[in-house]
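# A structural walkthrough
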Amino acid sequence: MATEQINIPDIGDFDTVEVIEVLVSVGDMVAIDDSLLTLESDKATMEIPSPFAGKVTKISVTVGDDVKEGDYVFDIEASAEAAAPVVEAPAQAAAPVAAASEPAPVAEVAKPATVSNSSPAAIAAASKPINSQTMGAASHASPSVRAFARKLGVEIDKVSGSGPKGRIQQTDIEAAIKAVMSGQSSAPGQASGGTGIPPVPVIDFSKFGDTTTEELGRIKKISGKFLHASWLNVPHVTQFDESDITEMDQFRKDQKAAAEKQGIKLTPLVFVMKAVVKALQDFPNVNASLSPDGQSIIKKHYYNIGIAVDTPNGLMVPVVKDVDKKGIYELSRDLMEISAKARDGKLGPADMSGGTFTISSLGGIGGTQFTPIVNAPEVAIMGLSKAKMQPVWNGSEFIPRLVMPFSVSYDHRALDGAEGVRFTTTVGNYLSDLRQLIL
Ligand code: CAO
């Protein structure tokens, strides 16, 4: 049995954060991912999970200490079967992510925390996806309130906070319990997620034939929560459209050989990113988030595009920064780099934070249209489908044109239908005639 040293993981942009809770004592047995510590900055609360199963043998931190990335905090005597940490990639709110049930301060970008021990591989492997949305909305509470929630068996991250910055107060825990007792809600943390929606019936499928049960991967479990939260919180509308990309694709093909010489693979996606950003500049409400109280819209004057990447571990959404300031080659390089990092499980917090709009491209695979789920608290997401040659009527004859279907799902609270369709029409026009991007 090896003694593993646990250090403070990557905690995003914070220099130091305060320890507000030590959740284990010497001698405690912990499982992988059990929370060890709660840290709190002025913006968020985050729990540090254990990368190992085993026995806590030393604690070198106390409540009130300020800690920073790399600080040594615990020793864990790893049990034999758990000596190797989990080998999944750093998880992140995967695409179509959403804020937790209570929208968090949207200006604070995602800062996933990772748990670290001495090996960088283990740092990546043991990461736990925590971002300021989940942190702010899910776990922002004082130790006494946490203790109160624990005592009553309430999952605190399922409770909405009414305090400053969404902080959960004792009265919120009491209100949650009251709602359950009065039948207005199911217990926080139960199947319906405290939303009061009726649960899906539980069925023993083996009555009807053989079945196999496999646990969902870590990233799928995480993205599932965000998808569910977005689905429940965001009134979605999906606008379908298509664009004649014949000229765009010809231009891409003309540039392909030259790009390849520089090690770049040019795909339609980078052109779409540029067209989308130009349209976002025309429609600032689309490059925005709603304020937590839903009474204001926060327009962002930077253009960072999240790209849904299909990885062996599940869907991840790295962010390409400053798309408005980059050319096609630079964007292609960025895209190749982040999708490779996503597939290798090497994305860090900075790679996955700060997105303002997301594109989910299934164009390399197939399909005619789909309805992507908004990556809340962003207000819109684009879905790209596969371009196909089609006969298009030009007024006197049918001519063969390359037509790409696409869709944009948006939060109807932020965008009216007319604005939504004006946005999609504008993107489609830019894609049909890329010259407009330089006007
Ligand atoms: N129409 C036709 N062909 C397309 C296309 C489109 N809309 N988009 C891409 N293609 C082509 C590319 O040109 C490439 O062909 P060539 O090699 O002949 O040039 C091929 O399809 C494969 O492209 P790609 O998928 O490797 O590259 P990409 O830049 O289009 O996409 C990435 C990169 C990371 C987005 C993609 O690999 C991926 O992971 N897609 C899945 C995303 C996903 O799962 N989304 C679902 C989210 S659920 O809401």
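Below you will find a few notes about this structure. The residue numbering used here restarts from 1 in each chain and proceeds along that chain's sequence as written. Local features in this predicted model are restricted to residues whose pLDDT is 70 or higher, and side-chain atom pairs enter the listing and the counts only when it is 80 or higher, whereas totals over whole chains, interfaces and linings include all residues. In computing side-chain properties, one takes all heavy atoms of the structure into account and sets aside hydrogens as well as water.

### Examining the packing of aromatic side chains
Our working rule: What counts as a ring pair is set by centres within 6.5 Å for rings of Phe, Tyr and Trp (its six-membered ring), and what kind of pair is set by the plane angle: stacked under 30 degrees, edge-to-face over 60, tilted for all other angles. Numbering of helices and strands runs from the N terminus, with a helix taken as a DSSP run of H or I at least four residues long and a strand as a DSSP run of E at least two residues long. Throughout, exposure labels follow a simple rule: accessible area from a 1.4 Å probe, protein chains only, divided by the maximum for the residue type, with under 20% read as buried, over 50% as exposed, and the rest as partly exposed.
All chains considered together, the criterion is met by four aromatic pairs. Between Phe251 and Phe271 the ring centres are 6.0 Å apart and the planes differ by 75 degrees, which places this aromatic pair in the edge-to-face class. Residue Phe251 is found in helix α6 (residues 246-261), and its partner Phe271 is found in helix α7 (residues 268-282); the two are separated by 20 residues along the sequence. Taking the relative accessible area as the measure of exposure, Phe251 reaches 38% and is therefore partly exposed. Phe271 gets classed as buried once you look at its relative accessible area, which sits at 2%.

### Digging into a nonpolar patch on the surface
Our working rule: For patches, a residue must show more than 30% relative accessible area and have no salt bridge; joins then use 9 Å for like charges and 5 Å for nonpolar side chains, namely Val, Leu, Ile, Met, Phe, Trp and Tyr. The protein chains shown are the only cover counted for residues, whose accessible areas, like all others here, come from Shrake-Rupley with a 1.4 Å probe. By convention in these notes, a salt bridge is any Lys or Arg side-chain nitrogen within 4 Å of a carboxyl oxygen on Asp or Glu.
Together, Ile197, Trp231 and Leu232 make up an exposed nonpolar region whose accessible area comes to about 300 Å². Its location among the elements puts Trp231 in helix α5 (residues 218-233).

### Some words on the layout of surface pockets
Here is the rule we go by: In the cavity and pocket records, a cavity denotes points on a 1 Å grid over the protein atoms alone where a 1.4 Å probe fits but cannot get out, a pocket denotes an open set with protein on both sides within 12 Å along at least 5 of 7 lines, and lining residues are residues with an atom within 4 Å of a point. Grid points are joined across faces, edges and corners, and a volume is the space filled by probe spheres set on the points.
Its boundaries defined by the atoms lining it, the second largest pocket holds a volume of some 830 Å³. Along the walls of the second largest pocket sit 32 residues, with Thr267, Leu269, Ser361, Gly363 and Gly364 positioned nearest its centre. Sorting the residues of the lining of the second largest pocket by element identifies α6, α7, β14 (309-311), α8 (328-343), β17 (357-361) and β20 (398-411) as the ones contributing at least two each. If you tally residues by element for the lining of the second largest pocket, the top one is α8, at five residues.

### Side note on the nonpolar core
The criterion, for reference: Only buried residues count toward a nonpolar core. Its members are Ala, Val, Leu, Ile, Met, Phe, Trp, Tyr and Cys residues joined through side-chain atoms within 4.5 Å. Residue contacts are counted whenever heavy atoms from the two residues lie within 4.5 Å of one another.
Core analysis: the largest hydrophobic core is formed by 50 residues, its most contacted members being Met273, Ile305, Phe357, Ile359 and Met382. Elements with a contribution of two residues or more to this core: α6, α7, β13 (305-307), α8, β17, β18 (380-384), β20 and α9 (417-432). If you tally residues by element for this core, the top one is α7, at ten residues. Among residues more than four places away in sequence, those in contact with Ile305 are Met273, Val276, Val277, Leu280, Pro318, Val319, Val320, Val323, Phe357 and Ile359.

### Let's talk about the environment of Lys325
Looking at where Lys325 falls in the secondary structure, it is placed in the loop between β16 (319-320) and α8. Linking Lys325 and Lys274, residues 51 residues apart in sequence, is a C-alpha distance of 9.6 Å.

### Section: α6
Operational definition: To estimate the expected span of a helix, count its residues, drop one, and scale the result by 1.5 Å. Each residue is assigned a bend, namely the angle between axes fitted to the seven residues that terminate at it and the seven residues that start at it.
With 16 residues, α6 should cover 22 Å at 1.5 Å per step; its first-to-last C-alpha distance of 24 Å lies within 8% of that length. Helix geometry: α6 is bent most strongly at Gln255, by close to 40 degrees. Of the residues trailing α6, Gly263 is marked for its positive phi of about 75 degrees.

### Regarding the side chain of Ser407
Of note, Ser407 is situated in strand β20. Beyond its immediate stretch of four places on either side in the chain, Ser407 contacts Thr238, Gln239, Phe240, Gln369, Phe370, Pro372, Ile381, Met382 and Gly383.

### Some words on the environment of Arg413
Applied cut-off: What qualifies as a polar contact is a pair of N or O atoms within 3.5 Å, subject to a donor-acceptor requirement within protein and to the restriction that residues adjacent in sequence count only when both atoms come from side chains.
Tracing the sequence through the fold places Arg413 in the loop between β20 and α9. Relative accessible area serves as the criterion here: at 47%, Arg413 is assigned to the partly exposed category. If we skip the residues at most four places from it in the chain, Arg413 touches Asn233, Val234, Pro235 and Leu290. Within the structure, Arg413 has its side chain in polar contact with the side chain of Asp411 (distance 2.7 Å).

### Some thoughts on the pattern of salt bridges
Tallied over the full model, the rule gives 13 salt bridges. One salt bridge in this structure joins Arg252 and Asp249, with 2.7 Å as the shortest N-O distance. Here Arg252 and its partner Asp249 are both found in helix α6, three residues apart, which amounts to about one turn of the helix. In this pair, the class of Arg252 matches that of Asp249, namely buried. One salt-bridge network, in which partners are shared between bridges, spans Glu21, Arg146 and Arg150.

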